[in-house]
Structure formats: structure tokens, C-alpha cells
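So the chains spell out like this:
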Amino acid sequence: IEEAQKVAEALKGLEVKIPAKVGEANKLFGSVTNIDLAAALEKQGHAIDRKFLSIKGGSIKRTGPYEAQIRLHREVQMDFEFEVVPEKK
């Protein structure tokens, strides 16, 4: 449990932005899922299996701020905020 709590503390101040291809009205081509969130977290040095990431509302279809729940241990869960941003061309 201690290890999971340390990871939760490290994630608290983390800012994660997931770039995505967008069309009109900031609608995404495709969607952003827990797989994309897991990859973004791993880029910042936190390897968390996608099955422990749950994006509130399912897959994401527009840019903006979102929230996911991360289960680090059966007794340690946290809400995690991240943002989907337009991919730079």
C-alpha cells in the first residue's frame, strides 16, 4: 500500500496533456482512451497498466479537460485530471 500511496502523491501534481488530431469544432478524429492516457503517463515516467485507468464517461471525442480514476492498489484509488489538446501541425 505504501508504494501505491507514493505513486499517488507523485501523480497529484502531474500535468498530462494528450495531443490528438482534431477537425471542426474541436471534434477528434477517432477518440482518446485509457490506452492513450497510459502512454502519456509512461512518457512522464509512470508506468500504469491501462486496465487500472478508467476514464469517466468512456472514450473521449473532443478536446478539453477530463478526469480518470486510477486504481493503484485495491485500497488506493485516486481521481486524476488531464487534458486533451489539439495536435500541433
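For clarity, every value in this text was computed on a predicted model and none was experimentally measured.

(A) Region of interest: the pattern of salt bridges. Scanning the entire structure with this criterion turns up six salt bridges. Residue Glu15 is joined to Lys17 by a salt bridge in which the shortest nitrogen-to-oxygen separation is 3.9 Å. On the accessibility criterion, Lys17 (44% relative accessible area) is partly exposed.

(B) Seen up close, the confidence of the model for the protein. Within the protein, residue pLDDT values average 94, and 99% of them lie at 70 or more. Model confidence for the protein, summarised as mean pLDDT per element, is weakest for helix H1 (residues 2-12) at 93 and strongest for strand E3 (residues 53-55) at 97.

(C) Highlighting the pairing of strand E1 (residues 17-20). Residues of E1 alternate between two faces, with Ile18 and Ala20 buried on one and Lys17 and Pro19 left unburied on the opposite face. Alignment of E1 against strand E6 (residues 76-86), held across four bridges, turns out to be parallel. Across the sheet, the residue bridging to Pro19 is Val85, located in E6.

(D) Region of interest: the pairing of E6. Where strand E5 (residues 64-73) meets E6, nine bridges bridge the pair, whose relative direction is antiparallel. When the sheet's bridge partners are listed, Pro65 is paired in E6 with Glu83.

Scoring rules and cut-offs
- Residues numbered from 1 in each chain as written.
- Predicted model: local features only at pLDDT ≥ 70, side-chain atom pairs only at ≥ 80, totals over all residues.
- Heavy atoms only, no water.
- Salt bridge = Lys/Arg side-chain N within 4 Å of Asp/Glu carboxyl O.
- Buried < 20%, exposed > 50% of the residue type's maximum accessible area, 1.4 Å probe, protein only.
- pLDDT = per-residue confidence, 0-100.
- Helix = DSSP H or I, 4+ residues; strand = E, 2+ residues; numbered from the N terminus.
- Pairing = 2+ DSSP bridges.

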